[in-house]
Amino acid sequence: MLHAPDFIAAHRTHDRAFSRQRILTFPVLVSFLLCAFKGGLQTLLDELFATLDGSAVRRVTKSAVSQARQKLKASAFEALNERLLCSLAALQPEPRWQGLRLVATDSTTLRLPNWQENQDEFGVQLDTAAQPYVLARALGLYASDARLMLKATLAPYLTGERALLATLLPHLATDDLLLMDRGFPAVWLFTLLQQRGLPFLARLDGTQWPCVADFLRSGQ
């Protein structure tokens with residue numbers, strides 16, 4: 001799958017990227033970045049190439065990986081995730097509850113390298129010493145029974161998690177049950193979900209929602 005020329009062309013930063021790579025090829029780089037890092041970067045690289053070609057000679061340095069990584073679009077991993085999900089769906093039916101797929105959503109914040117391109121993309125925050133740093137907000141849709149991340153997005157820290165969720169609603173279907181924590185409830189979001197015909201379940205603070213208090217007192 002990674003060797004397909006059209007896939008490589010779609011996810012490299014320019015036409016010449018990877019065209020002359022003889023060691024750190026596109027498939028090798030992507031495969032390496034997909035691994036869960038549990039050690040020093042250079043050590044992992046040495047172990048990878050020792051496994052690939054049985055050589056004890058250092059083939060690739062960590063600086064070479066950094067340079068190659070800049071030629072790779074993040075969209076490659078999104079496309080791979082889509083292909084993985086499609087393959088799994090064809091091989092094994094997804095677990096359901098009352099006929100619905102349970103999809104949880106939540107957000108977190110990520111401290112990013114303080115590079116200029118990150119500052120331009122995500123904005124700048126100031127710490128207690130008035131030093132600049134870059135913070136982003138990430139949000140995902142997670143199939144809780146299958147334990148699969150369906151879709152994720154990254155945005156400036158000042159972007160609200162409800163607004164981020166709204167951008168991912170096209171990736172939900174009418175047989176998905178969206179599970180939300182108490183930071184998400186809002187009339188406009190509930191209205192949008194109803195307009196799209198998307199089932200949802202949200203944790204609510206009853207003291208802020210008179211309709212919830214009325215429902216609790218109703219005995220229903």
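K.L.:
Requested: an account of the overall build of the protein chain, with residues and values cited.
P.N.:
The number of helices and strands found in the protein chain is nine helices and six strands. Relative to its 220 residues, the protein chain shows a buried fraction of 31%. Taking contacts inside the protein chain between residues at least 6 apart in sequence as the whole, the part at least 24 apart equals 54%. Surface exposure of the protein chain reaches about 14,000 Å², of which carbon and sulfur atoms provide 54%.

K.L.:
Report on the pattern of salt bridges, specifying residues and quantitative values.
P.N.:
Under the defined criterion, the tally for this structure stands at seven salt bridges. Taking the shortest distance from any N to any O, the salt bridge between Lys-151 and Glu-82 comes out at 3.8 Å. Highlighted residues: Lys-151 in strand β4 (residues 148–156) and Glu-82 in helix α5 (residues 75–91), separated in sequence by 69 residues. You can call Lys-151 buried: its relative accessible area is 15%. For Arg-101, the salt bridge is made with Asp-176, and the minimal N-O distance between the two is 2.7 Å.

K.L.:
Residue-level account of the nonpolar core, with values.
P.N.:
In terms of nonpolar packing, the biggest core is built from 22 residues, with Leu-141, Leu-165, Leu-178, Met-180 and Leu-193 touching the most fellow members. The contacts of Met-180, once residues within four sequence positions are left out, are Thr-105, Leu-165, Leu-189, Phe-190, Leu-193, Phe-200, Leu-201, Ala-202 and Arg-203. Among the nonpolar cores identified, the runner-up in size contains 16 residues, and Val-28, Val-30, Leu-45 and Val-65 belong to it.

Rules of the game
- Per chain, residues are indexed from 1 in the order of the written sequence.
- Confidence filtering applies because this is a predicted model: local features only for residues at pLDDT of at least 70, side-chain atom pairs given and counted only at 80 or more, and all residues used for totals across whole chains, interfaces and linings.
- Based on all heavy atoms of the structure, the side-chain values leave hydrogens and waters out of the count.
- Numbering of helices and strands starts at the N terminus; helices are DSSP runs of H or I of at least 4 residues and strands are runs of E of at least 2.
- The classification of residues rests on relative accessible area computed with a 1.4 Å probe and restricted to protein chains. Under 20% of the type maximum is buried, over 50% is exposed, and intermediate values are partly exposed.
- Whether two residues are in contact is decided by their heavy atoms: any pair within 4.5 Å suffices.
- To measure how exposed things are, a 1.4 Å probe is used in the Shrake-Rupley method; for residues, cover is taken only from the protein chains shown.
- Salt bridges are defined by distance alone: a side-chain nitrogen of Lys or Arg within 4 Å of a carboxyl oxygen of Asp or Glu.
- To form a nonpolar core, buried Ala, Val, Leu, Ile, Met, Phe, Trp, Tyr and Cys residues must be joined to one another through side-chain atoms within 4.5 Å.

Shape is all these values report; function is a separate question.
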